[in-house]
Amino acid sequence: MSNLHMGDEVVLTAADLATLYDILMQQGFQAVGPTIQDGGLVLDVLGGPADLPQGWTSEAEAGSFRLAPRTDAAFFGYNLGMESWKKFFYPPRLALLQVQSRDDGGLHFQACSQEALPLALIGVRACELAALAVQDRIFLEGPYQDPVYAERRRAHFIIAVNCTEADAACFCASLGTGPGVTAGFDLALTEIINDREHLFLVTVGSSQGAAVMANLPHRPAWEELRQQARDLVRQAARSQSRALSTADLPRLLYDNYSHPQWDDVGARCLNCGNCALVCPTCFCHRLEDAIDLEGREAERWRLWDVCHTLQFSYIHGGCIRVSPKSRYRQWLTHKLAAWIDQFGTLGCVGCGRCLVWCPVAIDLTAEIPAIRGQQVKM
Amino acid sequence: MSALPKLAVWKFASCDGCQLSLLDLEDHLLALAGKVTIAYFLEASSTVLPGPYDVSLVEGSITTPEDAHRIKQVRRQSRLVATIGACATAGGIQALRNFTDVRDYIPVVYAHPEYIKTLDKSTPISDHIPVDFQLPGCPINKNQLLEFIKALLQGRTPRLADESVCLACKIKGNICVMVAEGVPCLGPVTHAGCGALCPTYHRGCYGCYGPKEAANTASLSARCRHLGLSDQDIVRLFRTFNAYAEPFRQESLAHE
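This is a predicted model, so every value here is computed, not measured.

## Details of the domain arrangement of chain B
All names here are of chain B. Structurally, chain B comprises domain 1 (6-154) and domain 2 (165-254). Centre-to-centre, using C-alpha coordinates, domain 1 lies 25 Å away from domain 2. The partner domain 2 presents 16 residues to the 19 residues of domain 1 that form the contact. When domain 1 packs against domain 2, the two sides together hide about 1300 Å² of surface, and 66% of this comes from carbon and sulfur. Counting across the domain 1 and domain 2 interface gives four residue pairs in polar contact (both at pLDDT 80 or more). Of the residues belonging to the side of domain 1 that touches domain 2, the class tally is 11 nonpolar, seven polar and one charged.

## Digging into a nonpolar patch on the surface
Residues and elements named next belong to chain B. Together, Y105, V108, V109 and Y110 make up a nonpolar patch on the protein surface, roughly 430 Å² of accessible area in all. Within the element layout of this structure, Y110 appears in the loop between α5 (102-109) and β5 (133-135). For Y110, a relative accessible area of 41% translates into the label partly exposed.

## A look at the environment of G28 of chain A
Turning to its location among the elements, G28 of chain A is positioned in the loop between α1 (16-26) and β2 (30-37). Taking the C-alpha atoms as reference points, G28 of chain A and P118 of chain A, separated by 90 residues in sequence, lie 7.2 Å from one another.

## Some details on the packing of aromatic side chains
Aromatic ring pairs are defined here through the distance separating the ring centres and the angle between the ring planes. This structure, assessed with the given rule, holds 20 aromatic pairs over all chains. Measuring from ring centre to ring centre gives 5.3 Å for F238 of chain B and F248 of chain B, while their planes differ by 65°; the resulting arrangement is edge-to-face. Residue F238 of chain B is found in helix α11 (residues 231-238), and its partner F248 of chain B is found in helix α12 (residues 246-254); the two are separated by 10 residues along the sequence. Each member of the pair F238 of chain B and F248 of chain B is classed as buried. The residue whose ring lies beneath R153 of chain A is F89 of chain A, and the NZ or CZ to ring-centre distance is 5.3 Å. Above the ring of F12 of chain B, the side-chain terminus of R70 of chain B is found at 3.9 Å from the ring centroid.

## Comments concerning the layout of surface pockets
By volume, the largest pocket amounts to about 1200 Å³. What lines the largest pocket is a set of 38 residues, and nearest its centre among them are R93, E288 and A290 of chain A together with N143 and R159 of chain B. For the lining of the largest pocket, the secondary-structure elements that each account for two or more residues are β6 (93-101), β7 (107-111), β13 (285-291) and β14 (297-304) of chain A together with α2 (27-33), α6 (142-154) and α7 (165-172) of chain B. Of the residues that constitute the lining of the largest pocket, the class distribution is 15 nonpolar, 10 polar and 13 charged. Split by domain, the residues of the lining of the largest pocket number at least three in each of domain 1 (6-154) and domain 2 (165-254) of chain B.

## Points about the interface of chain B and chain A
Residue-level contacts link 35 residues of chain B with 49 residues of chain A. Both faces combined, the contact of chain B with chain A buries some 3300 Å², and carbon together with sulfur accounts for 58% of it. Of all residues in chain B, the largest losses of buried area upon contact with chain A belong to K170, I175 and V179 of chain B, amounting jointly to 21% of the total for that side. Put simply, chain B and chain A have four salt bridges between them. Within the residue set of the side of chain B that touches chain A, elements represented by two or more residues are α2, α6, α7, α8 (177-181) and α10 (217-226) of chain B. Looking at the side of chain B that touches chain A residue by residue, the classes come out as 15 nonpolar, nine polar and 11 charged.

## Considering the sheet that holds strand β9 (residues 156-161) of chain A
Residues and elements named next belong to chain A. The mixed open sheet is built from eight strands, whose spatial order is β3-β2-β8-β9-β10-β11-β1-β12. Since the sheet does not close on itself, it has two edges, and those belong to β3 (40-45) and β12 (219-220), each with one partner. Taken together, the five bridges between strand β8 (residues 119-124) and β9 define a ladder with parallel strand orientation. Considered in β9, the bridge of L119 is made with H156. Sheet strands in contact with helix α7 (residues 223-238) are β1 (9-13), β10 (187-193) and β11 (198-204), and its direction is about 95° off that of β10.

## A look at the packing of α10 of chain B against α12 of chain B
Packed helix pairs are specified by the crossing angle of their axes together with the interaxial distance, meaning the distance between the axes. All names here are of chain B. Where α10 meets α12, the closest approach of the two axes is 10 Å, and the angle between their N-to-C directions is 40°. Considering their axes alone, α10 and α12 lie oblique with respect to each other. Along this stretch, α10 crosses α12, giving a crossing that reads as right-handed. Each of T217, A218 and S221 in α10 lies in contact with α12, whose residues at this interface are P247, F248 and E251.

## Focus on the domain arrangement of chain A
Residue and element names in this part refer to chain A. Segmentation of chain A into domains returns domain 1 (9-93 + 113-238) and domain 2 (249-286 + 304-372). When each unit is reduced to the centre of its C-alpha atoms, the spacing between domain 1 and domain 2 is 28 Å. Each partner contributes residues to the interface: domain 1 has 31 residues there, and domain 2 has 29 residues. Summed over both partners, the interface of domain 1 with domain 2 comes to about 2500 Å²; 67% of that surface belongs to carbon and sulfur atoms. Our count for the contact surface shared by domain 1 and domain 2 stands at one salt bridge. Among the salt bridges present, the one from E128 reaches R353, with a minimum N-O distance of 2.5 Å. One can count 22 residue pairs in polar contact (both at pLDDT 80 or more) joining domain 1 with domain 2. Elements represented by at least two residues in the side of domain 1 that touches domain 2 include exactly β4 (56-61), β5 (64-69), α2 (86-89), α3 (126-140) and α5 (172-175). If you tally residues by element for the side of domain 1 that touches domain 2, the top one is α3, at nine residues. Residue composition of the side of domain 1 that touches domain 2, by class: 19 nonpolar, six polar and six charged.

## Some thoughts on the sheet that holds β14 of chain A
The strands that make up a sheet pair up through hydrogen bonds in the backbone, lying either parallel or antiparallel. In space, the four strands of this open sheet follow the order β7-β6-β14-β13 (chain A), with antiparallel pairing throughout. Strands with a single pairing partner mark the edges of an open sheet, and in this sheet they are β7 and β13 of chain A. For this sheet, the mean inter-axis angle between neighbouring strands, taken without regard to orientation, is 20°. Across the face of the sheet, α7 of chain B comes into contact with β6, β13 and β14 of chain A while running at roughly 95° to β14 of chain A.

## Considering unusual backbone geometry
Cis geometry is found at the peptide bond from G51 of chain B to P52 of chain B, where omega equals 0°. As for its placement among the helices and strands, P52 of chain B is situated in the loop between β2 (37-41) and β3 (53-59). The omega torsion of the bond from C138 of chain B to P139 of chain B falls at -5°, within 30 degrees of zero and hence cis. With respect to the helices and strands, P139 of chain B occurs in the loop between β5 and α6. Its identity as a non-glycine residue notwithstanding, A361 of chain A has a phi of 60°, on the positive side. Relative to the helices and strands, A361 of chain A is located in the loop between α12 (353-356) and α13 (364-372). We note that H202 of chain B has phi near 60°; this positive angle belongs to a residue other than glycine. Note on placement: H202 of chain B falls in the loop between α9 (197-200) and α10. The exposure class assigned to H202 of chain B is partly exposed, which follows from its relative accessible area of 37%.

Analysis parameters
Residues numbered from 1 in each chain as written. Chains lettered and ligands numbered in written order. Predicted model: local features only at pLDDT ≥ 70, side-chain atom pairs only at ≥ 80, totals over all residues. Heavy atoms only, no water. Domains from an automatic or database assignment. Contact = heavy atoms within 4.5 Å. Buried area = accessible area lost by both parts, 1.4 Å probe. Polar contact = N/O pair within 3.5 Å; in protein donor to acceptor, adjacent residues only side chain to side chain. Nonpolar A, V, L, I, M, F, W, Y, C, P; charged D, E, K, R; others polar. Patch = residues over 30% accessible without salt bridge, like charges linked within 9 Å, V, L, I, M, F, W, Y side chains within 5 Å. Areas by Shrake-Rupley, 256 points an atom, 1.4 Å probe, with all protein chains shown as cover. Salt bridge = Lys/Arg side-chain N within 4 Å of Asp/Glu carboxyl O. Helix = DSSP H or I, 4+ residues; strand = E, 2+ residues; numbered from the N terminus. Buried < 20%, exposed > 50% of the residue type's maximum accessible area, 1.4 Å probe, protein only. Phe/Tyr/Trp six-rings, centres within 6.5 Å; stacked < 30°, edge-to-face > 60°. Lys NZ or Arg CZ within 6 Å of the ring centre and 35° of its normal. 1 Å grid on protein atoms, 1.4 Å probe; cavity = no way out; pocket = protein on both sides within 12 Å on 5 of 7 lines; lining within 4 Å. Points joined across faces, edges and corners; volume = space filled by probe spheres on them. Pairing = 2+ DSSP bridges. Axes fitted to C-alpha atoms, helices over the stretch in contact; angles between N-to-C directions. Parallel < 35°, antiparallel > 145°, perpendicular 65-115°, else oblique. Left-handed = near helix turned anticlockwise from the far one by under 90°.

Okay, structure coming up:
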């Protein structure tokens, strides 16, 4: 086997995917990736490549998601499901602390164990790598590190996948976050199905990735295949019908706090919080204490929370954001404007989940142009 | 021995299901019995202690002139009054009669209509007396009830979420039935508390916990029309256990 380095491109056959899986297992990783459950794509433990939604595609639009069979046997021929990878690093529900009252009247505090198996994430898309990078900034690079996130993010293996098709909901191309992956992975796959062969063009993204590939029977990549891979990704970018223009974005939102479009979207918004819950970068949570009837034992839990509830903006004396429109405006203005001031990056990666999983199909790629006073061309 | 807080449980027009949730606390029930004096709870015990009571849990809606009088007596004897369930909080399934003329039904149901004395409408407890807490649900969630009682005993605010059912769905990882299957779901306008029971089993939410704060029923209805529901379907969607809760009542009337 040749020595591989970062940036090297090699070729695997579809059958080699099982060997790749086995090697990751031998190295102690738990493989997680997309599976089909309940009519959706659910990120879950993979028993092998056979658990991937092979031969399926996804059809996503504002307020609608469906799976449909493909005519080929692609392993990654769909786009994004409802869930993002953040659930593995920033769990929706997490026990933090246990407290017991001792017989001498004192209290005993015990932090809950946050040990987690090292994960191999299989099938991470470019926009999702971008989202992980945003959450890294929030949880790791600020003045306060989140120890739970840090521990879970410490050891893992990422197999990224270049998107060769786009959903109607995708707009990563306009934000430069996809559809091709550029950084933040150990191996990146481009799935190519020709008349005779089902291949993966593999880009090595780390020394960890190179070491794994060295144990696999790979071939060097040839130019025609490279070109085909580039064309597929380019085509996935060109086929995107949605876009989000970031020109003057913070200023636009800060200057248009009273724009009539907020009333318009406020009348449609359900304040259900689904957009924030499916957003791969949203990070708000609340702490809940559970105390037993005897008052002897307590637990502290961390749960995902959303800025769309009345309670979220409660401070002494009342709630700040009473009107439904003010809550949606808060979410979008934070995501697309204040986020930049706060974390130096946009809070949106163009994955489209917020518009797909909005029960009433509210679409930020239509709301922002409306605030700009533009008509949306669809 | 210091006196334990006195708990009373009252029944009005209801199915007893919410009172059962109290008995259903099982393991916690004995511990609870050591923390409060169960002074009035006919479903559990024929022992009746006189008032006043520290906490009155009220199940059921007001449907008769006698009950309209009795609930005022409950209030007078109680330091705190909390409604338990959709009947007491919103009028219950029996409030479906509020949309028609109850006199049309009496001869159909009863052999001797002349014995029946009933009010025109089934109304929530809060229409008759000031209420301190409301626990929604058909039936209530026993864990919510336990949290409420614990909070009272521990002198803290009960942790009762005001968000939509969607938050529980997403925390559980349920695939949204409305988006992925086109199934009408009241989850986005419904008060949390059930743990997203129905969507967990691939059913749309029936709204058992009633409207959440700022429930945007009009927008949800518009989307339901888009999914193929008729006006009649939308009326039926909103007219169940919380039909007379104001946002649901208004929404069903708008589609009549």
